[in-house]
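Below, each chain spelled out in residue letters.
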Amino acid sequence: MGPAKSKPGETDHQEAQAARLMRLATLASVLTACLLIIVKLFAYLSTGAVSILASLMDSLMDSVASLINFFAVRYALTPADNNHRFGHGKAESLAALIQAAFIVATSAFLIHEALHRLFEPVPMPAVTAGVAVMLLAMVATSLLVMFQVYVVRRTGSTAIHADSVHYRADLLSNAATLLALLLASQGVIQADPVFALLIALYLLISTREILRQALNELLDRELPEHQRQQISAIALANASVKGLHDLRTRQSGRTAIIQLHLEMDSDISLIEAHHISDEVEVAILEQFPGADIVIHQDPIGVIEVQRWQTDNPSMTNPQKYN
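Here's what I pulled together on the structure shown here. (Residues numbered from 1 in each chain as written. Predicted model: local features only at pLDDT ≥ 70, side-chain atom pairs only at ≥ 80, totals over all residues. Heavy atoms only, no water.)

1. A closer look at the overall build of the chain
Then step 1. Looking only at helices and strands, one finds nine helices and three strands in the chain.
Then step 2. Counting from the amino terminus, helix and strand elements in the chain follow one another as α-α-α-α-α-α-α-β-β-α-β-α.
Then step 3. Taking all 322 residues of the chain together, 45% fall into the buried category.
Then step 4. In the chain, the share of contacts with a sequence separation of at least 24, taken over all contacts with a separation of at least 6, comes to 73%.
Then step 5. For the chain, the accessible surface area stands at approximately 16,200 Å², while carbon and sulfur atoms represent 62% of it. (Helix = DSSP H or I, 4+ residues; strand = E, 2+ residues; numbered from the N terminus. Buried < 20%, exposed > 50% of the residue type's maximum accessible area, 1.4 Å probe, protein only. Contact = heavy atoms within 4.5 Å. Areas by Shrake-Rupley, 256 points an atom, 1.4 Å probe, with all protein chains shown as cover.)

Structure below.
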């Protein structure tokens, strides 16, 4: 039982590091969004480019989404209490869902503005300031996205992943805006609204992954099949485990929730069965740190007995478990 005593401390340390990274990521997101809003507003006022307006509106939505993430992640990291026994992890999924709604609203506004400018082109007096601002925005956004990707890889945070998807879209929109400004400087003023439309369409497409992940968690979708198979393999690798059934899984924020029934020899003591369950739990935690695991112990053959009782409801089972 040595590993069982050392593992929780190691897991607590990993959880603390993950929480710190998530808080830093949300703070970095808010600060970056504020910086981008300031510089893009200056660029739009200097150039009047609708593609910069598109990028500015995206940054405004980013700032709102980042603020939502800022508070949602801190709430999600709150320890479980008497009213929330499984913790507050789903706050991340709700934040991601709200982000998706903001993206759709932003895209609709951009499409409206771009179509209006496409049919009524407006020449831009100067693009130098716009080009400089978009280059600065691309550098700042690239640094933020790299940090977010690192945090998501370390923590698996749904909310930060959604924010990262949003900022990757913002990075591409910045590149598209920069190209539109360069083309406009050469007299191709139609490039400005066309690129704004492309940015809006890309933003709409980017919502699919955010919605999929958020809804899967909110609707308690099972973990991916390969992870379920991994859990089964870990449990059955214990020589004292004779079988496994009723494996149920779901995700709540960063916490995997795993419930299963282990089948063991019917003549072992309850203390020994509990010891075996502890060994299986520790083994699963090594692959799924921080998971909330519930293991029920059954005598081997219980499934066959239950099936027999179901098939013969009016009869008394003539034999006990094996």
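2. What to know about unusual backbone geometry
Then step 1. One non-glycine residue, Asp246, adopts positive backbone phi at about 50 degrees.
Then step 2. You can call Asp246 partly exposed: its relative accessible area is 47%.

3. Focus on the sheet that holds strand β2 (residues 255-264)
Then step 1. Read across the open sheet, the three strands follow the order β1-β2-β3; overall the sheet is mixed. Strands at the two margins of the open sheet, each flanked by one partner only, are β1 (243-252) and β3 (292-299). The average undirected angle you get between the axes of adjacent strands in this sheet is 10 degrees.
Then step 2. Packing against the sheet, helix α7 (residues 225-236) makes contact with β1 and β2, and its axis sits at approximately 135 degrees to β1. (Pairing = 2+ DSSP bridges. Axes fitted to C-alpha atoms, helices over the stretch in contact; angles between N-to-C directions.)

4. Observations regarding the nonpolar core
Then step 1. Ranked by size, the top nonpolar core spans 25 residues in total, and within it Leu53, Ala96, Leu110, Phe195, Ala196, Leu203 and Ile210 carry the most contacts.
Then step 2. Listing elements by their share of this core, those giving two or more residues are α2 (50-76), α3 (90-119), α5 (158-185) and α6 (191-218).
Then step 3. Judged by nonpolar contacts, the second largest core, of 20 residues, contains Leu247, Ala256, Ala273 and Ile284. (Core = buried A, V, L, I, M, F, W, Y, C linked by side-chain atoms within 4.5 Å.)

5. Some details on the pattern of salt bridges
Then step 1. In this structure the tally under the stated criterion is two salt bridges.
Then step 2. It is possible to trace a salt-bridge network through shared partners that takes in Glu222, Glu225 and Arg228. (Salt bridge = Lys/Arg side-chain N within 4 Å of Asp/Glu carboxyl O.)

6. Describing the pairing of β2
Then step 1. Burial of β2 is extensive: seven of the 10 residues sit out of reach of the surface.
Then step 2. In this sheet, β2 lies alongside β1 in antiparallel orientation, the contact comprising eight bridges. Paired with Leu244 across the strands is Leu262, a residue of β2.
Then step 3. Where β2 meets β3, eight bridges bridge the pair, whose relative direction is parallel.

7. Let's talk about the environment of Phe119
Then step 1. Following the sequence through the fold, Phe119 ends up in helix α3.
Then step 2. Once the C-alpha coordinates of Phe119 and Gln190 are considered, the two residues, 71 residues apart in sequence, prove to be 9.0 Å apart.

8. Looking at α5
Then step 1. When the terminal C-alpha atoms of α5 are compared, their 41 Å separation across 28 residues agrees well with the 40 Å that a helix rising 1.5 Å per residue should span.
Then step 2. Burial analysis of α5 places 20 of its 28 residues in the buried class, the great majority of the element.
Then step 3. A positive phi of about 100 degrees marks Gly187, the residue just after α5. (Expected span 1.5 Å × (residues − 1).)

9. Considerations on the side chain of Thr26
Then step 1. The residue Thr26 is located in helix α1 (residues 2-47) in this model.
Then step 2. On the basis of relative accessible area, Thr26 is assigned to the buried category, the value being 2%.
Then step 3. A polar side-chain atom of Thr26 sits 2.8 Å from the main-chain carbonyl oxygen of Arg23.
Then step 4. Setting aside residues no more than four positions away along its own chain, Thr26 makes contact with Asn69, Phe70, Val73, Arg74 and Ile160. (Polar contact = N/O pair within 3.5 Å; in protein donor to acceptor, adjacent residues only side chain to side chain.)

10. Examining the packing of α7 against helix α8 (residues 270-287)
Helix-helix packing: each pair is described by the crossing angle between the helix axes and the interaxial distance.
Then step 1. Put simply, α7 and α8 touch, their axes get as near as 9 Å, and they point 145 degrees apart. As α7 packs across α8, the resulting crossing turns out to be right-handed. Across the interface between the two elements, Gln230, Ile231, Ile234 and Ala235 from α7 touch Val280, Ala283, Ile284 and Gln287 from α8.
Then step 2. A class-by-class count of the residues in the contact of α7 with α8 yields six nonpolar, two polar and no charged. (Left-handed = near helix turned anticlockwise from the far one by under 90°. Nonpolar A, V, L, I, M, F, W, Y, C, P; charged D, E, K, R; others polar.)

11. Points about a nonpolar patch on the surface
Then step 1. A surface patch of nonpolar side chains, about 380 Å² in accessible area, is lined by Val104, Val194, Leu198, Leu201 and Leu204.
Then step 2. Top element by residues in the nonpolar patch is α6. It accounts for four residues.
Then step 3. With respect to the element layout, Leu198 can be found in helix α6. (Patch = residues over 30% accessible without salt bridge, like charges linked within 9 Å, V, L, I, M, F, W, Y side chains within 5 Å.)

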